[in-house]
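Summary of the model geometry
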Amino acid sequence: MKKTGLLMCGLVALCVQPAAFAQTDSAQKGLPALIQVATANTLVLETKASGTIEYQCSKEKDPLTTYKWSMVGPKAELTDEGGETVGDYSGPPARWAHKDGSFVTGSQVAVSPNGSKNIPLQLVKADVAGGQGALTGVSYVQRVNTQGGVAPAKKCSADNDGEKAEVSYKAEYRFWKAN
């Protein structure tokens, strides 16, 4: 009886796993390997983001004569497929909050370029996923299909040291949970 039970469990696992792998594979098709999530995770939520990224012109630490636009942080609204607002994204630290009270904060694992006019694609590992709801237990967040958001083209120098600028961006955020 034990052998039959184990065999049945093995067959059930074989029947269930391909669906999870198929979802993972299709959600990541065409994405650079650097930002792909391991197959031991399942896509649980996809959102579209629309917002701004704030930059500030400041002197670099090394060399001290160089100035650069540095990211201060993002502010974006997250919507579902139907365009309904489901949450927001802000930082630093990177924090996604769902309207149901759940949230996730994370740290960047990898980025991959997405053209010179778009912020890079990104993979974030969850540091904390709290509350009870859609983001509870999230293990990874992917930023894909980015549009805009790069540092201002305006020159950054001693003449405008400390100046801030907001740049519009759009992206999709995909939320994954470990199986």
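Quick look at the structure, then. This structure is a prediction, so every number in the text was calculated from the model and none was measured.

Conventions we followed
- Residues numbered from 1 in each chain as written.
- Predicted model: local features only at pLDDT ≥ 70, side-chain atom pairs only at ≥ 80, totals over all residues.
- Heavy atoms only, no water.
- Helix = DSSP H or I, 4+ residues; strand = E, 2+ residues; numbered from the N terminus.
- Buried < 20%, exposed > 50% of the residue type's maximum accessible area, 1.4 Å probe, protein only.
- Contact = heavy atoms within 4.5 Å.
- Areas by Shrake-Rupley, 256 points an atom, 1.4 Å probe, with all protein chains shown as cover.
- 1 Å grid on protein atoms, 1.4 Å probe; cavity = no way out; pocket = protein on both sides within 12 Å on 5 of 7 lines; lining within 4 Å.
- Points joined across faces, edges and corners; volume = space filled by probe spheres on them.
- Pairing = 2+ DSSP bridges.

Re the overall build of the chain
Secondary structure assignment for the chain yields 1 helix and 8 strands. Out of the 179 residues belonging to the chain, those deemed buried represent 37%. In the chain, of all internal contacts separated by at least 6 residues, the share reaching a separation of at least 24 is 59%. Total accessible area on the chain is roughly 10300 Å²; 57% of this is exposed by carbon and sulfur atoms.

Structural notes on the layout of surface pockets
Its volume calculated, the largest pocket comes out at about 210 Å³. Lining the largest pocket are 22 residues, and of these Met-71, Pro-74, Tyr-89, Ala-94 and Gln-122 sit closest to its centre. Mapped onto the lining of the largest pocket, the elements with two or more residues apiece are β2 (67–79), β4 (94–98), β5 (103–112), β6 (121–130) and β8 (164–178).

Here's the deal with the pairing of strand β1 (residues 41–59)
In the sheet, β1 pairs with β8 via 15 bridges, with the strands oriented antiparallel. Within β8, the residue paired with Ile-53 across the bridge is Val-167. By the bridge criterion, 12 bridges tie β1 to β2 in an arrangement that is antiparallel. In the strand pairing of β2, Ser-50 is matched with Glu-77.

Regarding the environment of Ala-110
Considering the arrangement of structural elements, one finds Ala-110 in strand β5. Distance from Ala-110 to Leu-121, taken between C-alpha atoms, is 8.4 Å for residues 11 residues apart in sequence. Setting aside residues no more than four positions away along its own chain, Ala-110 makes contact with Leu-34, Ile-35, Leu-121, Gln-122 and Leu-123.

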